[in-house]
Amino acid sequence: MKFEKAKFLRSYGSVQQIQDDKTPQFAFIGRSNVGKSSLINALACKKDMAKTSSKPGKTQLINVFDVEGHVHLVDLPGYGYAKVSKQQREVFEGLITDYLLHSETLYIVFILIDASIPPQRIDLEFVAWCGEHKVPLGIVFTKTDKKKKKNTEANMVAFEKAVSEFFEELPIILETSASSKHGIPELGRWINEQIGHV
Ligand code: GDP
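Residues numbered from 1 in each chain as written. Predicted model: local features only at pLDDT ≥ 70, side-chain atom pairs only at ≥ 80, totals over all residues. Heavy atoms only, no water.

Novice: Give a detailed account of the overall build of the chain, specifying residues and quantitative values.
Specialist: Helices and strands together make up the secondary structure of the chain, namely six helices and seven strands. For the chain, the N- to C-terminal ordering of α and β elements is β-α-β-α-β-β-α-β-α-β-α-β-α. Within the chain, counting contacts between residues at least 6 apart in sequence, those at least 24 apart form 75% of the total. (Helix = DSSP H or I, 4+ residues; strand = E, 2+ residues; numbered from the N terminus. Contact = heavy atoms within 4.5 Å.)

Here it is as structure tokens:
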């Protein structure tokens, strides 16, 4: 399966709509600015398939991209915006939790973690929430090219250590950079392996 064949399919504003989707879904989520749009674009070898935006909180719908009819890449709204109203936040946090708890074809949700900053409480809480609710999850570190800040490696180790306290068996953990493309082929290969396209 070639990720460069990915195409925007449609946006969903409610979980009822997406429940008719029978294709395995690989979802992506993270705090605003974590590099989610950049990662999806890098995976699909596109410049702007997923919209990168400097405006936090803009993606409030669930955007779905089809890859040759085999998998759907699901771009979930980010969590943890400081700049939106409580009411707005509740609406899209509701959409995210509804989706994660009720999508029947969710294969995995990749939780994106910015490797250039130390572990953030909101990310750890989100990982723990997914674990408690048995939502299948993987951890994808982003921005690993930011090596100048030597702390990148230490940040990832600290995050993994914190996560290991929630799980007997660690989830899949991948390191990526949309800028250098480090780890992007591995992410694509991993998804292909899951659906039997080796
Ligand atoms: P989103 O809000 O999670 O979709 O994040 P974006 O993809 O829009 O990226 C947020 C910012 O981080 C932008 O300025 C990107 O250029 C930058 N960014 C994204 N990925 C990387 C990366 O791998 N390395 C570096 N150095 N910067 C990145």
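Novice: Which residues make up the site of the ligand, and what are the values?
Specialist: Neighbouring residues of the ligand: 14 residues in total, closest Lys-36, Ser-37, Ser-38, Asp-145 and Ala-178. Here Val-34 contributes a backbone N or O atom positioned 3.2 Å from an oxygen atom of the ligand. Within the complex, the protein chains bury 74% of what would otherwise be the 580 Å² of accessible surface of the ligand. (Near = heavy atom within 4 Å. Polar contact = N/O pair within 3.5 Å; in protein donor to acceptor, adjacent residues only side chain to side chain. Areas by Shrake-Rupley, 256 points an atom, 1.4 Å probe, with all protein chains shown as cover.)

Novice: Please provide a residue-by-residue account of the layout of surface pockets, values included.
Specialist: By volume, the second largest pocket is sized at about 150 Å³. Of the residues assigned to the lining of the second largest pocket, the class counts are five nonpolar, two polar and two charged. (1 Å grid on protein atoms, 1.4 Å probe; cavity = no way out; pocket = protein on both sides within 12 Å on 5 of 7 lines; lining within 4 Å. Points joined across faces, edges and corners; volume = space filled by probe spheres on them. Nonpolar A, V, L, I, M, F, W, Y, C, P; charged D, E, K, R; others polar.)

Novice: Describe the nonpolar core, listing the residues and the values that go with them.
Specialist: Judged by nonpolar contacts, the single largest core of 32 residues is most densely connected at Ile-62, Leu-76, Tyr-99, Leu-100 and Ile-111. Going through the elements one at a time, α1 (15-18), β2 (25-30), β3 (62-67), α3 (86-102), β5 (106-114), α4 (121-132), β6 (137-142) and α5 (151-164) are the ones with two or more residues in this core. (Core = buried A, V, L, I, M, F, W, Y, C linked by side-chain atoms within 4.5 Å. Buried < 20%, exposed > 50% of the residue type's maximum accessible area, 1.4 Å probe, protein only.)

Novice: So what about the packing of aromatic side chains? Which residues, and what values?
Specialist: All chains considered together, the criterion is met by eight aromatic pairs. On the basis of an interplanar angle of 40° and a centroid distance of 5.2 Å, the ring pair of Phe-28 and Phe-110 is categorised as tilted. Taken together, the residues span a long stretch of sequence, with Phe-28 in strand β2 and Phe-110 in strand β5 at a distance of 82 residues. Looking at Phe-28, the relative accessible area reads 0%, which means it is buried. (Phe/Tyr/Trp six-rings, centres within 6.5 Å; stacked < 30°, edge-to-face > 60°.)

Novice: Help me get a handle on unusual backbone geometry, residues and values and all.
Specialist: Positive phi, close to 80°, is recorded for Asn-33, a residue that is not glycine. Among the residues examined, Asn-33 registers a relative accessible area of 61% and is labelled exposed. A positive phi is found at Lys-181, a non-glycine position, where the angle reads about 70°. For Lys-181, the position within the fold is in the loop between β7 (172-175) and α6 (184-194).

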